[in-house]
Amino acid sequence: MKNTILLVNISIAMVAGGAEFARSAEPESSAGYTLPADPAAAWAEVEKVHQALQPPQEWRTHAPEADEVARFQKQVRETALSFANKAQEFITRFPTNENIGDARITVVHALNHAVAAGDSNAEQKVNEFVAVVLADKSIPEDDRVGVLMFSGNTAFCKKVGMRLFTEGRSKLDAEFESNGVDSMRSALKQFPTNSMIYTMLIAVAQRSTGERQKELATEIENAAGAPPGVKTLAGHLLKGTKPYEVGKPLDIKFTALDGRQVDLAQLNGKAVLVEFWSTSCGPCVGEMPTVKAVYRKFHDRGFEVVGISLDDREPVLRRFISEKELPWPQHFDGKGWENKFAVRYGIFSIPTMWLVDKAGNLRNTEARFELESQVAALVDEESPVSK
């Protein structure tokens, strides 16, 4: 959930709740259910919200007429409320499912779309839902924080209204990011030591420039509740340095998901691709066939791949590894974007592919493109002389 929705920007939630949404989550009769009985099939239906709320394709090339906007506005309100109800039904029926965190986010996400489309009741429904989630201490803190921060988009969606659909997200990026920072700061008042919030805040600082970057980095460095790793990154931003150095070794050592012991320091004499990725990252998944092909071609010549997964759900990752037959070891700590190696090296954009040479030194931090030729060059280099 954290990977797909929360970082790097606090995106607008994509679902909404119907007229009956605010009632307590009492089990309903099966006759009232709209989702399939199979959890996977039910979740697939809820996820269709992402396509259902997209504006017409032709709006990308020409501005819509007023009557077109009016018709779509009505459609958005109805669709968003429908999907919020579906997400709520999923929460009620499948409370232990691995997608339950995403379902809570989806409720707020959709309701925010309904708010943008002018629904007069959706804002209250967001507030009621968030209050229930925050009060339920059985829900993991990061999940409660995620819902709280997404609710920070509600007032903003009300402000931008149908611009959300007619102008598109790209034209609103700066406004979204500013609102996202405000949401993070607000959430920190209730969760002053939550590392996920600080990880998101340092990600914004990292891609900011000038005084804004200095302001955010200083704020993080001075925050009593910020975790040490994030404070270290803030210090690098203030000094203009990086948390890694090309030409120097990386400190990556772990027990892989399949039990293998991985230590880059023990891989001298081999070229190594360190891949930061996630199953929920479309470009990461899209790059996987290329990575596999390069691995097959050069593995016997001394090429290894080390995966650093920014997933937060182990079953999903294990299924993907099995289905795609990925043979290399994977680091997984269940922390998503708070993965210890991602935070250590300031990785807030994926896929990120780094190449380590046979001497064990970081050679390239932009290995994603022309990967095969870069790996070929590394494996053809002479191995360092053992001392």
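Placed above this text is the structure.
Residues numbered from 1 in each chain as written. Predicted model: local features only at pLDDT ≥ 70, side-chain atom pairs only at ≥ 80, totals over all residues. Heavy atoms only, no water.

Caption draft 1: Local environment of the overall build of the protein. The helix and strand inventory of the protein stands at 17 helices and seven strands. Relative to the compact-globule value of 21 Å for 387 residues, the protein shows a C-alpha radius of gyration of 23 Å, a close match. Among the 387 residues that make up the protein, the fraction classed as buried is 53%. Once local pairs closer than 6 in sequence are excluded, the contacts in the protein between residues at least 24 apart make up 71%. With an accessible surface of roughly 18,000 Å², the protein has 49% of that area assigned to carbon and sulfur atoms. When the 45 positive and 52 negative side-chain charges of the protein are each reduced to one mean point, those points stand 2 Å apart. (Helix = DSSP H or I, 4+ residues; strand = E, 2+ residues; numbered from the N terminus. Rg over C-alpha atoms; globule rule 2.2 N^0.38 Å. Buried < 20%, exposed > 50% of the residue type's maximum accessible area, 1.4 Å probe, protein only. Contact = heavy atoms within 4.5 Å. Areas by Shrake-Rupley, 256 points an atom, 1.4 Å probe, with all protein chains shown as cover. Lys, Arg positive; Asp, Glu negative; His and termini not counted. Charge placed at Lys NZ, Arg CZ, Asp CG, Glu CD.)

Caption draft 2: Representation of the packing of aromatic side chains within the structure. Enumeration according to the criterion identifies 11 aromatic pairs in this entry. For the pair Phe276 and Trp354, a centre-to-centre distance of 5.4 Å together with 70° between the ring planes defines the contact as edge-to-face. Of the two residues, Phe276 sits in strand β3 (residues 271-277) while Trp354 sits in strand β6 (residues 352-356), which places them 78 residues apart along the sequence. Taken together, Tyr244, Phe276, Tyr345 and Trp354 form an aromatic cluster joined through their ring pairs. Here the basic side chain of Lys86 rests over the ring of Phe83, its NZ or CZ set 4.4 Å away from the ring centre. (Phe/Tyr/Trp six-rings, centres within 6.5 Å; stacked < 30°, edge-to-face > 60°. Lys NZ or Arg CZ within 6 Å of the ring centre and 35° of its normal.)

Caption draft 3: Representation of the pattern of salt bridges within the structure. Scanning all chains against the criterion turns up 23 salt bridges. Among the ionic pairs, Arg313 bridges to Asp312, the shortest N-O distance being 3.9 Å. Just as Arg313 is buried, Asp312 falls in that class too. (Salt bridge = Lys/Arg side-chain N within 4 Å of Asp/Glu carboxyl O.)

Caption draft 4: Quick look at the packing of helix α2 (residues 39-47) against helix α4 (residues 66-93). Look at α2 against α4: their axes get within 9 Å of each other, and the N-to-C directions meet at 155°. Here α2 lies roughly antiparallel to α4, going by the angle between them. When you trace α2 past α4, the crossing you get is left-handed. Note on element contacts: α4 touches α2 through Phe83, Lys86, Ala87 and Phe90, opposite Pro39, Ala42, Trp43, Glu45 and Val46. A class-by-class count of the residues in the contact of α2 with α4 yields seven nonpolar, no polar and two charged. (Axes fitted to C-alpha atoms, helices over the stretch in contact; angles between N-to-C directions. Parallel < 35°, antiparallel > 145°, perpendicular 65-115°, else oblique. Left-handed = near helix turned anticlockwise from the far one by under 90°. Nonpolar A, V, L, I, M, F, W, Y, C, P; charged D, E, K, R; others polar.)

Caption draft 5: Examining the packing of helix α5 (residues 100-116) against helix α6 (residues 122-135) more closely. One way to put it is that α5 packs onto α6 with a least axis distance of 8 Å and a crossing angle of 160°. When the axes of α5 and α6 are compared, the pair comes out roughly antiparallel. By crossing handedness, the relation of α5 to α6 is classed as left-handed. Taking contact as the criterion, the partners of Arg104, Val107, Val108, Leu111, Asn112, Ala114 and Val115 in α5 are, on α6, Ala122, Glu123, Lys125, Val126, Phe129, Val130 and Val133. For the contact of α5 with α6, the per-class residue count stands at 10 nonpolar, one polar and three charged.

From the geometry alone we can't say anything about function, so treat these as descriptive.
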